[in-house]
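Topology and contacts: notes
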Amino acid sequence: LSCVLIACIDTQLNQSLLIAARKLSTSRRLSARLQQHHLLQQPQFCAVVEARIQRTDSINSLRAAQKTHISNMDKFVKRKAPTDAGADGSKKQAKKPRPVFVVAPGAGGGDCAQLTSALATMGRCVPIGHGGRWMGNSPKNLDANVELVEAAAQKAADVADAGPVILVGHSFGCRVVAELLARQAADKTLPDAVVVGGAILESYPLYGPKPPTEGTDRAAQIAALPSGSKVLFVSGSKDEFLDRSTGKDAWRGADDATGPAALEAVVAEASCAATFEFVQGAKHNAFSAPKSSQDSSRRAIIAAIKMHVDALR
């Protein structure tokens, strides 16, 4: 810039142009050399210099605004950034650990793949009943099955940093979990990490293929659920274990309630706090909805389970 200015110097530089030139440079050497020369008072030259000055001022203003914006953003981020301290200086609670689901299977044992897959989206699953340990649905084996679930829940609770241990049952496993909740209400032996005030019961087998006898009344097991316990029932709308009014295994009256209405009627007589998720078109596996609605049904089940788990925490 000094070369351009000196090359154009031929007459006395007026006072305003000298001030303008000083704005372009703080160099004392340039200022002194400008004072020793004369600059032609050419309007075009002055316009170029003034334009340069305005451009420089605009750039400086833009940079200043940018610095101010960055500074404000830094303050905003620091203000919004999560910290361990609350507004009153107290420590905030750490992120909630993921729950652990102890899953009691149906009469044949197995891993309840569809159920455990859905539960795995929210926490860790501990399926039981492998290796022939599950004793089946005979009334004489009820105590042994309850002990299996109880031992699995105890072991899950002993894991360091474990989240809440939630009991889940599928089909016959629902009856085992219901029995365990009733026993824990009378005599609590499980640690506090195990949620004994609620459970998830998927495909509860309300009506078996034969009329109930002493010790096999499944409606009575629902009635025995602890008062106020939070239980989520997930069942298919066409579950044959909610009917038994037609077909070869029919033993209930044609006018008796069937399907979801039958389950709701029995639960209404109990003192537990129940919620329901019925899957349209599914039979004795809530995840067996028609292909056209399987994905949406699975998402609905997962959403219902997640809401229930949040209520149990």
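My aim in this report is to walk through the structure given alongside it, one point at a time. (Residues numbered from 1 in each chain as written. Predicted model: local features only at pLDDT ≥ 70, side-chain atom pairs only at ≥ 80, totals over all residues. Heavy atoms only, no water.)

Digging into the nonpolar core
Formed by 42 residues in total, the largest nonpolar core has its most connected members in V102, V149, L167, L206, I222 and F233. Listed by contribution, the elements that provide at least two residues to this core are strand 1 (100–104), helix 6 (142–157), strand 3 (165–170), helix 7 (172–186), strand 4 (194–202), strand 5 (230–236) and helix 9 (259–268). In this structure, V102 is in contact with V126, V149, A152, A153, A156, V165, I166, L167 and V168, ignoring residues within four places of it in sequence. Listed in part, the 24 residues of the second largest apolar core include F101, A118, M122 and I301. (Core = buried A, V, L, I, M, F, W, Y, C linked by side-chain atoms within 4.5 Å. Buried < 20%, exposed > 50% of the residue type's maximum accessible area, 1.4 Å probe, protein only. Helix = DSSP H or I, 4+ residues; strand = E, 2+ residues; numbered from the N terminus. Contact = heavy atoms within 4.5 Å.)

Thoughts on the packing of helix 6 against helix 7
The interhelical angle for the contact between helix 6 and helix 7, taken along N-to-C directions, is 80°, at an axis separation of 9 Å. As judged from the angle between their axes, helix 6 and helix 7 are roughly perpendicular. Taking contact as the criterion, the partners of L142, D143, N145, V146, V149 and E150 in helix 6 are, on helix 7, F172, V176, E179, L180, R183 and Q184. Looking at side-chain class alone, the contact of helix 6 with helix 7 contains six nonpolar, two polar and four charged residues. (Axes fitted to C-alpha atoms, helices over the stretch in contact; angles between N-to-C directions. Parallel < 35°, antiparallel > 145°, perpendicular 65-115°, else oblique. Nonpolar A, V, L, I, M, F, W, Y, C, P; charged D, E, K, R; others polar.)

Describing the environment of R299
For R299, the location among the structural elements is in helix 10 (residues 294–312). Spatially, the C-alpha atoms of R299 and A118 are 8.7 Å apart, while their sequence positions differ by 181 residues.

Interpretation note: all reported values are geometric properties and have no functional meaning in isolation.
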